[in-house]
Amino acid sequence: MIINHITNFLSSLFLEKKVLPFNCLGKRYIITLLIFIISGLLNHYLLILSVIESVILLLIEGCFIIVFLVDNKEFIIPDTINLSLFILGVLIFILAIDNSFLGITNITRIVSLLISFFILLITLIFDKVFKKEILGYGDIKLFFGVSLIFGTKILLMGIFVASFIACIIEVIIRKSKKNPIAFGPYLVIGFILSYYFTEFLSQIQTIFIFI
């Protein structure tokens, strides 16, 4: 009963609709719970983090999970989630003033923010001048939160990985060239993989650049 109230409250905030009772939520929400548990295990075994870093990272991953589910179904990233990520980013920026946080310094976060502004400017030019949408504004808002949280390297690498995976799945496998593509889920996958496996993906990215 309590779980039902909690899920209904969260869904009213982020999904703007009520969800089914917990025992009827289906595979999507079971998978979500499993992903959240796996994220906690990855944080524990792959990363050396303080307690506060682990808690904040889990909150970030919780937001990412919601982005994945909602954008995949509704083709929209809720502003409440993007705002939550941005607020977490501001908190991280404050905590990292005298040192790094999540292994990332504030200098790279500032550079990443500038890159996000540049991406926004390019998107606005294509949208207003050429009447062509190259990125959804929800995706760009997500960039600002990610910039404050993870900095330049994870932002750019995450976009690269997301684009690569989306190209394979949407264009080659699904052949959905003319259908709208929810890019948010791919961005979430890209950012998470880029954070956990930075060095490995850096080597692969270098190979693709030279090719």
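Conventions we followed
- Numbers given for residues are sequential positions, taken from 1 along each chain in its written order.
- Note on the predicted model: pLDDT of at least 70 is required for a residue's local features to be given, and 80 or more for side-chain atom pairs to be given and counted; whole-chain, interface and lining totals, by contrast, use all residues.
- Note: side-chain values were computed over all heavy atoms of the structure, leaving out hydrogens and water.
- Each patch groups residues whose relative accessible area exceeds 30% and which form no salt bridge, using 9 Å between like charges and 5 Å between nonpolar side chains of Val, Leu, Ile, Met, Phe, Trp and Tyr.
- We get accessible surface area from the Shrake-Rupley algorithm with a probe of 1.4 Å; when it comes to residues, only the shown protein chains can shield them.
- Just to be clear on terms, a salt bridge is a Lys or Arg side-chain nitrogen sitting within 4 Å of an Asp or Glu carboxyl oxygen.
- Secondary structure elements are defined from DSSP: runs of H or I of at least 4 residues count as helices, runs of E of at least 2 residues count as strands, and each element is numbered from the N terminus.
- Relative accessible area decides the class of each residue, using a 1.4 Å probe on protein chains only: under 20% of the type maximum gives buried, over 50% gives exposed, and in between gives partly exposed.
- In plain words, nonpolar cores are sets of buried Ala, Val, Leu, Ile, Met, Phe, Trp, Tyr and Cys residues tied together by side-chain atoms within 4.5 Å.
- Residues are treated as being in contact if the distance between any of their heavy atoms lies within 4.5 Å.
- Polar contact is defined as a pair of N or O atoms within 3.5 Å, subject to the rule that within protein one atom must be able to donate a hydrogen and the other to accept it, and that residues adjacent in sequence are counted only when both atoms are side-chain atoms.
- pLDDT is a per-residue confidence score from the predictor, ranging from 0 to 100.
- In a helix, the anticipated span is given by 1.5 Å times the number of residues less one.
- Between the rings of Phe, Tyr and Trp (Trp by its six-membered ring), a pair exists once the centres lie within 6.5 Å; its type follows the angle of the planes, with under 30 degrees stacked, over 60 edge-to-face, and the other angles tilted.
- Axis definition: a line fitted to C-alpha atoms, limited for helices to the stretch in contact. Angles are taken between N-to-C directions and run from 0 to 180 degrees.
- Angle categories: roughly parallel below 35 degrees, roughly antiparallel above 145, roughly perpendicular from 65 to 115, and oblique for all the rest.
- Left-handed describes a crossing whose near helix is turned anticlockwise from the far helix through less than a right angle; right-handed describes the clockwise counterpart.
- Gly is put with the polar residues, along with every residue not named as nonpolar or charged; the nonpolar set is Ala, Val, Leu, Ile, Met, Phe, Trp, Tyr, Cys and Pro, and the charged set is Asp, Glu, Lys and Arg.

**Student:** Sorry if this is basic, but what is going on with a nonpolar patch on the surface here?
**Tutor:** Taken together, Phe118, Leu121, Ile125, Phe126, Val129, Phe130 and Ile134 make up a surface patch of nonpolar side chains, about 660 Å² in accessible area. As for its position among the elements, Ile134 is in the loop between α5 (106-128) and α6 (137-173). Classification of Ile134 as partly exposed rests on a relative accessible area of 39%.

**Student:** Explain the nonpolar core to me, please; I cannot follow it from the model alone.
**Tutor:** The nonpolar side chains of a soluble globular protein tend to be buried, and buried together. The biggest cluster of nonpolar side chains holds 43 residues, and the ones touching the most others in it are Ile60, Phe64, Phe150, Phe191 and Tyr195. For this core, the element with the highest residue contribution is α6, accounting for 16 residues. Beyond its immediate stretch of four places on either side in the chain, Tyr195 contacts Leu47, Leu49, Leu57, Leu102, Ile104, Phe150 and Ile154.

**Student:** Any chance you could explain the environment of Tyr196 here in plain terms?
**Tutor:** The residue Tyr196 is located in helix α7 (residues 184-196) in this model. Its relative accessible area of 10% is what places Tyr196 among the buried residues. Sequence-distant contacts of Tyr196, that is, excluding residues within four places in its chain, are made with Ser39, Leu42, Asn43, Leu46, Leu47, Leu57 and Glu61. A polar atom in the side chain of Tyr196 sits 2.4 Å from the side chain of Glu61.

**Student:** How should I be thinking about the pattern of salt bridges in this particular structure?
**Tutor:** Opposite charge on two side chains permits pairing when their charged atoms draw close. Throughout the structure, instances matching the rule amount to one salt bridge. As a salt-bridge pair, Lys141 and Asp79 come within 2.9 Å of each other at their nearest N and O atoms. With a gap of 62 residues between them, Lys141 in helix α6 and Asp79 in helix α4 (residues 79-95) connect regions that are remote in the sequence.

**Student:** Before we go on, may I ask you to explain the environment of Gly103 in this structure?
**Tutor:** Tracing the chain through its elements places Gly103 in the loop between α4 and α5. As for Gly103 and Leu49, which are separated by 54 residues in sequence, their C-alpha atoms are 8.6 Å apart.

**Student:** Honestly, the confidence of the model for the chain in this entry has me stumped. Any pointers?
**Tutor:** Close reading of the predicted structure is inappropriate where its pLDDT is low. Overall, the predicted model of the chain reaches an average pLDDT of 79, with 74% of residues at or above 70. Segment residues 1-26: pLDDT under 50, and 24 contacts once partners within four positions in sequence are set aside and those in other chains are kept.

**Student:** Please explain helix α3 (residues 51-74) as it appears in this structure.
**Tutor:** Helical geometry note: an α-helix holds 3.6 residues per turn, so side chains three or four residues apart project in the same direction. If you check α3, its first and last C-alpha atoms are 34 Å apart, about what 24 residues at 1.5 Å a residue would give, namely 34 Å. Among all positions in α3, only Glu53, Ile56, Leu57, Ile60, Glu61, Cys63, Phe64, Ile65, Val67, Leu69, Val70 and Asp71 are buried. Downstream of α3 by a residue or two, Phe75 has a phi angle that is positive, lying close to 60°.

**Student:** Just to check I follow, could you spell out the packing of aromatic side chains for this structure?
**Tutor:** Where two aromatic rings form a pair, the distance of their centres and the angle of their planes describe that pair. Applying the stated criterion to the full structure yields six aromatic pairs. Relative to Tyr196, the ring of Tyr195 lies with its centre 5.8 Å away and its plane at 65°, an arrangement referred to as edge-to-face. Taken together, Phe150, Tyr195, Tyr196 and Phe197 form an aromatic cluster joined through their ring pairs.

**Student:** Even after reading the chapter, I still don't get α5, so can you show me in this structure?
**Tutor:** Taking 1.5 Å per residue, 23 residues should reach 33 Å; α5 reaches 33 Å between its end C-alpha atoms and fits that length. All of the buried residues along α5 are Asn106, Arg109, Ser112, Leu113, Ile115, Ser116, Ile119 and Thr123.

**Student:** Please explain the packing of α3 against α4 as it appears in this structure.
**Tutor:** Interhelical geometry of α3 versus α4 gives an angle of 160° and a closest axis separation of 10 Å. With respect to α4, the element α3 is oriented roughly antiparallel. As for the relative orientation of α3 and α4, their crossing is left-handed in sense. In this structure, α3 uses Ile52, Ile56, Leu59, Ile60, Cys63, Phe64, Ile66 and Val67 to contact α4, whose residues at the interface are Ile81, Ser84, Leu85, Leu88, Leu91, Ile92 and Leu95. The residue inventory of the contact of α3 with α4, partitioned by class, reads 14 nonpolar, one polar and no charged.

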